[in-house]
Every structure is written in C-alpha cells, then in structure tokens.
Amino acid sequence: MALAALKKWQLLRNSVRPCSNWFHWRTQPCAFKSTKPEVAENMTTVAGNHIYAPLQTFTEEEHMLKDSVQKFAQERIAPLVRSMDENGCVDQSVLLGLFEQGLMAIEVEEEYGGTGSSFFSSILAIEELSKVDPGIGLFCDLQNTLINTLFRRCGSEEQKKKYLPRLATNMVGSFCLSEAGSGSDAFALKTTAEKIKDYYIINGTKMWITHAEQAGVFLVMANANVSAGYRGITCFIVDRETEGLHIGKKENKLGIRASSTCPVTFENVKVHETNILGQLGHGYKYAAGMLNEGRIGIAAQMLGLAQGCFDHTIPYTKQRVQFGKRIFDFQGMQHQIAQVATQIEAARLLTYNAARLREAGKPFVKEASMAKYYASEVATLTASKCMEWMGGVGFTKDYPIEKYFRDCKIGSIYEGTSNIQLSTVAKYIDKEY
C-alpha cells in the first residue's frame, strides 16, 4: 500500500487513548518467539532471488496494523470487557473506536473511505481484537469478510457509493441468512420476495442475526422464484428504517455477549428492484462464497481467543507456588502447556495459510474449513485447560478465563458447524483421490 496509508496506521497507533483502573483483564502479550512476525524485507534471499518466507512473515503495513490493533485492544477495549459482558452490549466508545481506527473497512478502497488494505490484514486485526474480546473481534470479522466484501464484489457503482462510505465510517451491516428451519441446510430458507411491478415484497423471519441491534443495513437472502428452488435465492439490500422490518428481542447468550444476536422479521417489506445486490437468483452463490471466506475470519477469532487465554494463564502458573515450587515446574504441567502451545501454533499456521491462499487467488475452500474446524477445537481445549491450570481463581469472574471458556463454544457452531467443516474437507479429499 502507499506510504501515505502506512503513515495512517502509525498515526492511528499513536492516537489510541489509554484508560485506567482495570486489573486482571489486561495482559502484555507473551506469544511464543516463533509467532512474533518479521517484516518481509528483512528475510534472506535464496537461489533465484526468490524469498521463501515463513507464513508469519508480514509486510511493513501488516506489521504496523497488528501493532496498532494490539495497542487499541489493550488500552481501549480491555477496560470495558467485563462491563460489556455483564451488560450484554457493546460499549459505544468501542464501536466508535473500531471505525476511527479504520478497522471496519480494511479492504474497502480509499475512494469509498476505506483503508485499501488486504484480506490478510483483516485476519490479523480480527485475531488481535479477539485476544482481548472475541465479541469485538466479531464486529471486525463480519463487517470485513461478509458485508463489505459483498458490496465490493456484487454491488453496482451506485450501491457502492451509497453504502461503502457509511460502512467505513459509522454504520454496521448485518447478514440475514439463517432461519428457524434452515441452519446448516441454509438453502432451505422460507423467506420470499414476490415481484410486483418494479418492487419486491419480502416476507419471512430470520433467526440468529448477528449485530441486528446495531445494524443500519441488512443484506437479506430471500427466494424470488420459489419454483426454482435454491436457484431463486436473491440478495436484497434492506435499510433499517424500511417499513415492515422488525428487530426482535436480543438473545441472552452464553458468550460473545458484546455482540448482539436477534431475530429479524420482514412483514410485507417493500424494496425497489434496484435494491437487489448482484444478480437475481445468484444469492446462493454469494452466500456460499462469502461464508467460505468468513470461515477464515472465524478461525482468526478462535485463534485470538486461544492465544489471549493462554497469555493470561501462563504467567500465573509461573507465580503460583505449591509444594515449594512453581506449578509451571511440574513435569505434568509442562507437558500439558507444551501440547496446548503446539496446537495454538498449528491453528495459527492453518489460518494464515488459508488467508494467504485466498489473497493469492488460489483455491482455499478446503483449507478454510480445516482452519475454522481446528481453530475452534483448539480454542475449546485451550480455554478448558487454562481454567484447570488456574484452579479456583479461573472459575471466578475476577479473571477473564471463564469468559474465554464461555466465548469459545460458538466457534464450533456458527458460520458452519464443525461437522459441516469436516464434511467439506472430506468432499475435497474425495475429489483429490
């Protein structure tokens, strides 16, 4: 990216305002030496003048973004994690901060008010935010990997000019696909869009809609030609204030409570045919494609969760003394810690590899499913083990371990369950052999 954009990240990093009076919720990252990124230009050139760089080799821009997001998360989000969890709502200062830092439009072109950065930069941002609060990481994830990407790839120039600048500065978007009878079987949806002259009338109810409480625009999957089956599914742009759109009671969730989840009902919602995003009847293709990319974002969220939980726990094991020595010094503990550290590192490499493949324009669907599945499993294992290592204090709300434990479970459920990911991987293995 241009030098001006690099300077922008530096200014953002330096502009983060510190907050005070939090204790166990802030941690100085203690990542393994191998996970500390190296700037690409410092790598050694080998035969043929090609650079065979490790997956954790970042560009200068990526390195600066990672540092700026880390600082923002520690100083602006960490002090509010407990209150957001207890209140079940994102703090408006945090949401405003995400926009101010440019984290809600990372790939959006500068002409539309975005940062004009890369998909991999989005993944790094999601990971860093999720180390502190996975619920906040989800805001960055869905906005960048689903909402913005759909507008950028499928939107008309008029639609891009109308929505992308707002999505980059102050408006959250929401993706409406799931219904009571269509979860993993997403294309069994019953929401319809009936054409009357140059308008469509949308009727149906969506379930489990993330960020519905804050969203200013909804991308709604509805069937505009029921006789064609899933090939009639079309993506419609529906503004929040549209008559007939009703947002239901927010779900009282186990985890990621800073992120709202609500049912959304469409009762004779009238939208003009110009509100179709992309082509009529291609919604199923858009949904499948975006979810494949979104799975890399969820992998990054679960990776960040696991690393954040681990970073909070290991210093405790080095301070806690039992039977005259640190509990870290017991061989049984060391082996468990080493196993978890290895699995976190493996999850990171799977996630980064999937992201780099997508960024390079190469096939990545199998790798995305592997990353999402494995990172979710590792997050669950890490949170469980860390709670055991912390003992009684890990079971209290004075430390963030129990929150990581609650937050991690969603990773194996949304944007494709773990079984769906395994089925996808198996399908590709079948083709390859």
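Scroll up to find the structure.
Presented here is a report on the structure given in the accompanying data block. (Residues numbered from 1 in each chain as written. Predicted model: local features only at pLDDT ≥ 70, side-chain atom pairs only at ≥ 80, totals over all residues. Heavy atoms only, no water.)

Things to note about the overall build of the protein chain
1) Next: Each helix and strand counted, the protein chain has 12 helices and 11 strands in total.
2) Next: Relative to all contacts within the protein chain whose residues are 6 or more apart in sequence, the contacts with residues 24 or more apart total 74%.
3) Next: Put simply, the protein chain shows about 18,800 Å² of open surface, and 53% of that area lies on carbon and sulfur atoms. (Helix = DSSP H or I, 4+ residues; strand = E, 2+ residues; numbered from the N terminus. Contact = heavy atoms within 4.5 Å. Areas by Shrake-Rupley, 256 points an atom, 1.4 Å probe, with all protein chains shown as cover.)

Let's talk about helix H6 (residues 134-154)
1) Next: For H6, which comprises 21 residues, the first-to-last C-alpha distance of 28 Å matches the rise-based estimate of 30 Å (1.5 Å per residue) to within 8%.
2) Next: Most pronounced at Gln143, the bend in H6 amounts to some 35°.
3) Next: The buried fraction of H6 amounts to 19 of the 21 residues, a majority that puts the element mostly inside the structure.
4) Next: Put simply, Asp133 is the residue that caps the front of H6, since its side-chain oxygen is 2.9 Å from the backbone nitrogen of Gly135. (Expected span 1.5 Å × (residues − 1). Bend = angle between axes of the 7 residues up to and from the residue. Buried < 20%, exposed > 50% of the residue type's maximum accessible area, 1.4 Å probe, protein only. Polar contact = N/O pair within 3.5 Å; in protein donor to acceptor, adjacent residues only side chain to side chain.)

Comments concerning the environment of Glu251
1) Next: Among the secondary structure elements, Glu251 is positioned in the loop between strand S8 (245-247) and strand S9 (261-272).
2) Next: For the pair Glu251 and Pro263, spaced 12 residues apart in sequence, the C-alpha to C-alpha distance is 8.3 Å.
3) Next: Excluding residues that lie within four positions of it along the chain, Glu251 makes contacts with Trp208, Thr261 and Pro263.

Some points on unusual backbone geometry
1) Next: A positive phi angle, near 55°, is found at Phe323, a position not held by glycine.
2) Next: Residue position: Phe323 is located in the loop between strand S10 (321-322) and strand S11 (325-326).
3) Next: Of note, the phi angle at Glu415 is positive, near 55°, even though the residue is not glycine.
4) Next: Looking at where Glu415 falls in the secondary structure, it is placed in the loop between helix H11 (401-408) and helix H12 (418-432).

Quick word on the state of the cysteines
1) Next: Scanning all chains against the criterion turns up 0 disulfides.
2) Next: With no disulfide partner, Cys154 has as its closest neighbouring cysteine sulfur the one in Cys235, 7.4 Å distant. (Disulfide = S-S within 2.5 Å.)

Some points on the packing of helix H2 (residues 60-77) against helix H4 (residues 92-100)
1) Next: Two elements in contact, H2 and H4, have axes separated by 11 Å at closest approach and are oriented at 160°. In this view, H2 runs roughly antiparallel relative to H4, as classed from their interaxial angle. Crossing handedness for the pair H2 and H4: right-handed. Where H2 abuts H4, its residues Phe72, Arg76 and Ile77 lie against Ser93, Val94, Gly97, Leu98 and Glu100.
2) Next: Considered class by class, the residues forming the contact of H2 with H4 number 4 nonpolar, 2 polar and 2 charged. (Axes fitted to C-alpha atoms, helices over the stretch in contact; angles between N-to-C directions. Parallel < 35°, antiparallel > 145°, perpendicular 65-115°, else oblique. Left-handed = near helix turned anticlockwise from the far one by under 90°. Nonpolar A, V, L, I, M, F, W, Y, C, P; charged D, E, K, R; others polar.)

Taken by themselves, the reported measurements are silent on function.
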